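Residue strings, one per chain:
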Amino acid sequence: MNVEQMKLVVKEIISKTDLTPCVVGHRGVGKTAGIVQACRDLGRRYVSLRLGQMEVGDLVGIPFRNGDIMQWSRPSWLPGEDDPETVVHCDELNRAQQEDTLQAIFQFVEPPSEGMLRSLHTHHLSKKHKVVVSINPPDGSYQVATLDRALIDRMVMIYTESDFNCWSNYAAKRDLSGDVRQFLAGNTGMLAKQGMPMDLQVEPTERGWEMVSTVRKSCRLPRELEMEVYAGIIGKEAAITFMRWLSDRQGRPLTAQQVLNDWSAVADQARGQRDDQQAATINDLTATLKASPVLEAEQEENLVAYISVLPRDLCFGFVKTLLKIPEVALALVQDKYDSVVFDAVQAIRKEAY
């Protein structure tokens, strides 16, 4: 994506989520300028950390003794609770010259766990402050450290490239020399040439899919940028497959909510699902009922109706799983459902002996 698109994505992520965007791009493409402009558009204060120039003490503070307790002073750059909303820009993250510096900042760029605050050693960052990262790609043309997969997995990689139209708009706003602008308008190849592909070997993980969920629920992104953002979280292959799945409404397995709340509309589809589709629906129902096992009367009947259309082996396995959820088990063993679940319960009892 170009710098204008990067700014849009960064603004969405830092204003609506606790995720950490990591802008990846070649030298001179406008990473830092774009981040500064995004902060200005959001009315947020901007703080830059040049990690290539910092040591661990610059990050975690200087230790001092308070009675018999060792404490660390808060670094001057770290915004406090009373400071205005701030974006801390961890610039040149992979240029940290010392391994312990990179390890120290690891905790800070990691999105906070639910109900927790982003932390750096003993210091905590108020929820109103956000963190953004930028790096040059480790393609062999820069003196940078290779980021390990655990760190990459904690950030949203946003790959940014040069674009003449984007640059010309920037040049006009900055009132750059007319001669320079006119020359480049006819010689666009004189802008920075792209280096090697910026592939950081992002792969799908459970954390990554949770981040995709956060972005989908919280951010409004143009359709053409969704694919790029998801690829920066779970990798290109998984992102392509996910986007195809989203566009292919037909043949998609029924969800737990459809089965429990809209059975009359989906009953025929449930009967016609392939075994792999039934397995997906069963997995969704199992997870949903474990999280929220109390069913209304209609939902209870809809669940039993779905069980009744399952092939025998899937039916037995699903009932066996449901009987491990106490609230659901009490509903299933009612006499009125014997015609559906009795055989399954009998088979399960035989297995126990």
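The preceding data block contains the structure.
Before going into details, it helps to say that this report is about the structure given with it. (Residues numbered from 1 in each chain as written. Predicted model: local features only at pLDDT ≥ 70, side-chain atom pairs only at ≥ 80, totals over all residues. Heavy atoms only, no water.)

**Section: the environment of Trp-263**
Reasoning step 1: In this fold, Trp-263 is placed in helix H12 (residues 263-272).
Reasoning step 2: Each C-alpha atom, one on Trp-263 and one on Phe-106, is 47 Å from the other, the two residues being 157 residues apart in sequence. (Helix = DSSP H or I, 4+ residues; strand = E, 2+ residues; numbered from the N terminus.)

**Here we look at helix H10 (residues 236-247)**
Reasoning step 1: Counted at 1.5 Å a residue, the expected span for H10 with its 12 residues is 16 Å, and the 17 Å between its end C-alpha atoms agrees.
Reasoning step 2: Regarding H10, the residues found buried are Ala-238, Ala-239, Phe-242, Met-243 and Leu-246. Buried residues of H10, seen end-on, are gathered within an arc of 130 degrees and therefore sit on one face of the element. Residues of H10 that are exposed and point more than 90 degrees away from the buried face comprise Lys-236, Glu-237, Arg-244 and Ser-247. (Expected span 1.5 Å × (residues − 1). Buried < 20%, exposed > 50% of the residue type's maximum accessible area, 1.4 Å probe, protein only. Arc of directions from axis to C-beta.)

**Considering the environment of Glu-301**
Reasoning step 1: Positionally, Glu-301 belongs in helix H14 (residues 297-309).
Reasoning step 2: The class of Glu-301 is partly exposed, set by a relative accessible area of 46%.
Reasoning step 3: Note: C-alpha distance between Glu-301 and Leu-260 (41 residues apart in sequence) is 8.4 Å.

**Digging into the side chain of Arg-44**
Reasoning step 1: Topologically, Arg-44 is positioned in the loop between helix H2 (31-42) and strand E2 (45-50).
Reasoning step 2: For the buried Arg-44, no salt bridge is present, and the opposite-charge side chain at shortest range is Glu-85, 4.0 Å distant.
Reasoning step 3: At a separation of 2.8 Å, a polar atom in the side chain of Arg-44 contacts the main-chain carbonyl oxygen of Lys-128.
Reasoning step 4: In this view, Arg-44 contacts Ile-14, Cys-39, Glu-85, Thr-86, Val-87, Lys-128, His-129 and Lys-130; residues no more than four positions away in its chain are not counted. (Lys, Arg positive; Asp, Glu negative; His and termini not counted. Salt bridge = Lys/Arg side-chain N within 4 Å of Asp/Glu carboxyl O. Polar contact = N/O pair within 3.5 Å; in protein donor to acceptor, adjacent residues only side chain to side chain. Contact = heavy atoms within 4.5 Å.)

**Concerning a negative patch on the surface**
Reasoning step 1: Together, Glu-55, Asp-58, Glu-99, Asp-100 and Asp-148 give the surface a local cluster of negative charge.
Reasoning step 2: Take Glu-99: its relative accessible area is 53%, and that puts it in the exposed class. (Patch = residues over 30% accessible without salt bridge, like charges linked within 9 Å, V, L, I, M, F, W, Y side chains within 5 Å. Areas by Shrake-Rupley, 256 points an atom, 1.4 Å probe, with all protein chains shown as cover. Charge placed at Lys NZ, Arg CZ, Asp CG, Glu CD.)

**Description of the environment of Gln-71**
Reasoning step 1: Residue position: Gln-71 is located in strand E4 (residues 69-72).
Reasoning step 2: Exposure remark for Gln-71: the relative accessible area of 31% places this residue in the partly exposed category.
Reasoning step 3: Residues Gln-71 and Ile-234 lie 163 residues apart in sequence; the distance between their C-alpha atoms is 39 Å.
Reasoning step 4: A polar side-chain atom of Gln-71 sits 3.3 Å from a polar atom in the side chain of Asn-66.

**Some words on the pairing of strand E9 (residues 156-160)**
Reasoning step 1: Most of E9 is tucked away: five of the five residues are buried.
Reasoning step 2: Sheet analysis places strand E1 (residues 21-25) next to E9, joined by five bridges and oriented parallel. Paired with Pro-21 across the two strands is Val-156, which belongs to E9. (Pairing = 2+ DSSP bridges.)

**Things to note about the sheet that holds E9**
Reasoning step 1: Across the sheet, five strands lie side by side as E2-E5-E8-E1-E9; this open sheet has parallel pairing. Of all the strands in the sheet, the pair left with one neighbour each is E2 and E9. Strand-to-strand, the axes of this sheet are offset by a mean angle of 25 degrees, without reference to chain direction.
Reasoning step 2: Across three bridges, the pairing between E1 and strand E8 (residues 130-135) is parallel. Along E8, the bridge assignment pairs Cys-22 with Val-133.
Reasoning step 3: Together, strand E5 (86-91) and E8 form the strand contacts of helix H4 (residues 99-109), whose direction differs from that of E5 by roughly 145 degrees. (Axes fitted to C-alpha atoms, helices over the stretch in contact; angles between N-to-C directions.)

**Here's the deal with the packing of aromatic side chains**
Reasoning step 1: In total, this model carries six aromatic pairs according to the counting rule given.
Reasoning step 2: Between Phe-242 and Trp-245, the aromatic rings sit 6.4 Å apart at their centres with planes inclined by 10 degrees, giving stacked as the arrangement. In this pair, Phe-242 and Trp-245 both sit in helix H10, three residues apart, roughly one turn of the helix.
Reasoning step 3: Owing to a relative accessible area of 39%, Trp-245 belongs among the partly exposed residues under this scheme.
Reasoning step 4: Joined through ring pairs, the aromatic side chains of Trp-209, Tyr-230, Phe-242 and Trp-245 make up one cluster. (Phe/Tyr/Trp six-rings, centres within 6.5 Å; stacked < 30°, edge-to-face > 60°.)

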